[in-house]
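Each chain, written out:
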Amino acid sequence: MLWILSKLPELGKGDRMWHFAVSVFLVELYGNSLLLTAVYGLVVAGSVLVMGAIIGDWVDKNARLKVAQTSLVVQNVSVILCGIILMMTACYIMIITIANIANLASTATAITIQRDWIVVVAGENRSRLADMNATIRRIDQLTNILAPMAVGQIMTFGSPVIGCGFISGWNLVSMCVEYFLLWKVYQKTPALAVKAALKVEEAEMKQLNSPKDTEPKSLEQSHLMGGKDSNIRELEPEPEPTCASQMAEPFRTFRDGWVSYYNQPVFLAGMGLAFLYMTVLGFDCITTGYAYTQGLSGSVLSILMGTSAITGIMGTVAFTWLRRKCGLVRTGLFSGLAQLSCLILCVISVFMPGSPLDLSVSPFEDIRSRFMQAEPVPPTTKIPEAGFTTEAPMSNVSNIVNTVREISTKSEPMISVILLFAGVIAARIGLWSFDLTVTQLLQENVIESERGIINGVQNSMNYLLDLLHFIMVILAPNPEAFGLLVLISVSFVAMGHLMYFRFAQKTLGHQLFVCGPDEKEVTDENQPNSSVV
């Protein structure tokens, strides 16, 4: 029962609906350009980059139930507010701001549930931990199938306003369900009430408040004689921290978190995972927006996202099988090879008929025209002037959808888009298997008192590379430059897997290519007990 309850909180996640819908909304709000979606991604990535270590430190220093419930409420309430705002107005600045808060809360939720709670529930059984990681990821992928399909169909055959209302209502209900399930798991797992970081702080406070090893009699004599003992000074409370010290605390947390992350034995594995975020070859708002400009409707996009979720589930199955047969570290090697092999299709798609790649068009033409000229540059595909603007009512969105659908029926070949998404979808098998590998490496080799801050810095590293890819799109937002972005993305994915190969080589040595379930321990001078299965 406990094993099942530890996975049920993931079922209520409604932010997947918002993640799919916001990219389509932002493309329509800014006249069929990827610029606004890139700005949104830039804000989200920059916030997690700066706040990742601080959020992780907050997770470490507070009780598990308090952290989980607080982050859950903030996340869902923020998504609900975004949905209500979109139904009332088209103020994208407010939408991006509140959506960013929701993402920060989602980061805290992911760290505490998927990096801490699950390790405590699994105990010392690493095989059980692997199965639980894979099961949670399957549930996560299941939401990727159902959420986009539901919202995509509602937006296509209903209206964006109805879609916003559905998202807000779903998050309200799911928040209550998740809140209750988190409390049930906490009640049925006594180990969750005990936290290493809190025990360390409690021990330090006891040490500070306890008298030194002095004779009780001599201490009483010193009081009677009116004398002052040097030990009495140590019993006095410490002075209150100054304002400057309190202001500098987040910066010290940021610095200490990154230094500790660098010293981890799985540093190269984490860096390899982070480099996979420097890509436009995923179902984020950039790729969704690009597909939308190429004539794919919201309904088709939702089906593609559902298909990618199915291949992601296949990746979790591959992870558990490979780990049993070859061990955890080698699983990452095979997963990386599978991902790179599938991404070759994306490289080929850049040069196939129907690709908008045009090196004669400056990649900076769109952004230069929008920021340095009075009139915006017309999009590559002509959209009527009656299209959606920031002042237009939400009912005009249907005009854009119908126009794009008409454009997609023209004689322009679709083989490039087909190959692109075939490669992206197939690569999810290797991607999610590799992601689970690095996730478990971090779970097994980071001490309990540092799980929050180390995983917070890992999220910051992920978003740092994600930030670079959004900057890249902001500088070259026109569809003609998307092919160059694909080539750059594949290069960064290859570099990430090379980093992981170096980690595996240092870990396994001459047994790197000796397939088997037993692997030597990953040791570090400062952490001799950390190991890899």
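Residues numbered from 1 in each chain as written. Predicted model: local features only at pLDDT ≥ 70, side-chain atom pairs only at ≥ 80, totals over all residues. Heavy atoms only, no water.

Q: What is the right way to look at the overall build of the protein chain in this model?
A: Summing up its helical and strand segments, the protein chain has 20 helices and zero strands in all. Within the protein chain, residue pairs in contact and separated by at least 24 positions form 85% of the contacts whose partners lie at least 6 positions apart. Of the roughly 24,100 Å² that the protein chain leaves accessible, carbon and sulfur atoms contribute 65%. (Helix = DSSP H or I, 4+ residues; strand = E, 2+ residues; numbered from the N terminus. Contact = heavy atoms within 4.5 Å. Areas by Shrake-Rupley, 256 points an atom, 1.4 Å probe, with all protein chains shown as cover.)

Q: What is the right way to look at the UniProt feature "transmembrane region" (unreviewed entry) in the protein chain in this model?
A: The UniProt feature table records "transmembrane region" (unreviewed entry) at residues 34–56, 77–99, 157–182, 266–292, 298–321, 333–352, 414–438 and 482–501. Counting secondary structure, residues 482–501 comes out at 100% helix and 0% strand; the distance between its end C-alpha atoms is 29 Å. (UniProt positions renumbered as here; feature names shortened; annotations may be inferred.)

Q: For this particular structure, what's the right way to read the packing of helix α4 (residues 64–88) against helix α7 (residues 160–188)?
A: How two helices sit against one another is set out by the angle between their axes and by the gap between those axes. Interhelical geometry of α4 versus α7 gives an angle of 170 degrees and a closest axis separation of 8 Å. When the interaxial angle is binned, α4 and α7 end up roughly antiparallel. Of the residues contributing to the contact of α4 with α7, the split by class is 19 nonpolar, seven polar and two charged. (Axes fitted to C-alpha atoms, helices over the stretch in contact; angles between N-to-C directions. Parallel < 35°, antiparallel > 145°, perpendicular 65-115°, else oblique. Nonpolar A, V, L, I, M, F, W, Y, C, P; charged D, E, K, R; others polar.)

Q: I'm lost on the packing of aromatic side chains in this one. Help?
A: Two aromatic rings, taken as a pair, are described by how far apart their centres are and by the angle between their planes. Counted by the stated rule, this structure contains nine aromatic pairs. Centroid distance Tyr290 to Phe482: 3.8 Å. Interplanar angle 5 degrees. Geometry classified as stacked. Taken together, the residues Tyr290 in helix α13 (residues 285–293) and Phe482 in helix α20 (residues 482–508) connect sequence positions 192 residues apart. Here the two residues Tyr290 and Phe482 agree in accessibility, since each one is buried. (Phe/Tyr/Trp six-rings, centres within 6.5 Å; stacked < 30°, edge-to-face > 60°. Buried < 20%, exposed > 50% of the residue type's maximum accessible area, 1.4 Å probe, protein only.)

Q: Got a minute to help me understand the environment of Val473 in this structure?
A: With respect to the secondary-structure elements, Val473 resides in helix α19 (residues 451–475). Residue classification places Val473 among the buried positions, given a relative accessible area of 0%. Sequence spacing of Val473 and Leu35 is 438 residues, and the spatial spacing of their C-alpha atoms is 7.5 Å.

Q: What is the right way to look at the side chain of Asp116 in this model?
A: By the secondary structure assignment, Asp116 is in helix α5 (residues 92–122). Among the polar contacts listed, one links the side chain of Asp116 to the side chain of Arg451, at a separation of 2.9 Å. With near-sequence residues (within four places) excluded, Asp116 lies in contact with Arg64, Ile111, Lys195 and Arg451. (Polar contact = N/O pair within 3.5 Å; in protein donor to acceptor, adjacent residues only side chain to side chain.)

Q: How should α19 be read in this particular structure?
A: For an α-helix, the turn length of 3.6 residues means that residues three or four places apart are oriented alike. With 25 residues, α19 extends 36 Å between its outermost C-alpha atoms, agreeing within 8% with the 36 Å of an ideal straight helix rising 1.5 Å per residue. Counted residue by residue, α19 has 21 buried out of 25 residues, so it is predominantly covered. (Expected span 1.5 Å × (residues − 1).)

Q: It is not clear to me how the pattern of salt bridges should be interpreted in this structure. Could you clarify?
A: Side chains that differ in sign of charge can pair as their charged atoms come close. Taken as a whole and assessed by the stated rule, the structure comprises eight salt bridges. With a closest N to O distance of 2.7 Å, Asp116 and Arg64 form a salt bridge. One end of the pair, Asp116, is in helix α5; the other, Arg64, is in helix α4, with 52 residues separating them in the sequence. Given a relative accessible area of 1%, Arg64 falls into the buried group. Among the salt bridges present, the one from Glu249 reaches Arg252, with a minimum N-O distance of 2.6 Å. Of this pair, Glu249 and Arg252 both sit in helix α11 (residues 243–262), separated by three residues, roughly a single helical turn. Overall, Glu249 belongs to the partly exposed group, its relative accessible area being 34%. Connected through salt bridges with shared partners, the residues Arg64, Asp116, Glu448 and Arg451 form a single ionic network. (Salt bridge = Lys/Arg side-chain N within 4 Å of Asp/Glu carboxyl O.)

Q: Quick question: what am I supposed to make of a nonpolar patch on the surface here?
A: On the surface, Val73, Val77, Leu81, Ile84, Met87, Met88, Val161 and Tyr179 cluster together to form a nonpolar patch covering roughly 640 Å² of accessible area. For the nonpolar patch, the secondary-structure elements that each account for two or more residues are α4 and α7. Residue position: Ile84 is located in helix α4. A residue is classified by how much of its surface remains accessible, and Ile84, at 34% relative accessible area, is partly exposed. (Patch = residues over 30% accessible without salt bridge, like charges linked within 9 Å, V, L, I, M, F, W, Y side chains within 5 Å.)

Q: Sorry if this is basic, but what is going on with the environment of Leu328 here?
A: Examined against the element boundaries, Leu328 turns out to sit in helix α15 (residues 328–349). Note on Leu328: relative accessible area 0%, which makes it buried. Taking the C-alpha atoms as reference points, Leu328 and Gln440, 112 residues apart in sequence, are found 8.3 Å from one another.

Q: Even after reading the chapter, I still don't get the nonpolar core, so can you show me in this structure?
A: A general trend in soluble globular proteins is that nonpolar side chains are found buried together. Grouped together as the largest cluster of nonpolar side chains are 103 residues, with contacts concentrated most on Trp18, Val280, Leu281, Leu420 and Tyr500. When residues of this core are assigned to their parent elements, the largest contribution, twelve residues, is made by helix α18 (residues 415–445). With near-sequence residues (within four places) excluded, Trp18 lies in contact with Tyr40, Val79, Cys82, Leu86, Ile95, Ala99 and Ile167. Leu65, Ala68, Val185 and Leu192 belong to the second-largest nonpolar core, a separate cluster that totals ten residues. (Core = buried A, V, L, I, M, F, W, Y, C linked by side-chain atoms within 4.5 Å.)

Q: I keep staring at the side chain of Asp435 and nothing clicks. Help me out?
A: Mapped onto the elements of the fold, Asp435 is located in helix α18. For Asp435, a relative accessible area of 8% corresponds to the buried category. Each residue touching Asp435, except ones within four places of it in the same chain, is listed here: Arg137, Leu273 and Tyr277.

Q: What exactly am I supposed to notice about the confidence of the model for the protein chain here?
A: Residues shown with low pLDDT carry predicted positions that ought not to be read at fine detail. Confidence in the prediction of the protein chain, expressed as mean pLDDT, is 76, and 73% of residues score 70 or more. Low pLDDT (under 50) marks residues 210–236, which in the prediction has ten contacts with non-local residues, meaning those over four places away or in another chain. Low confidence marks residues 518–533, where pLDDT is under 50. Its contacts with residues over four positions away, or in another chain, come to 49 contacts. (pLDDT = per-residue confidence, 0-100.)

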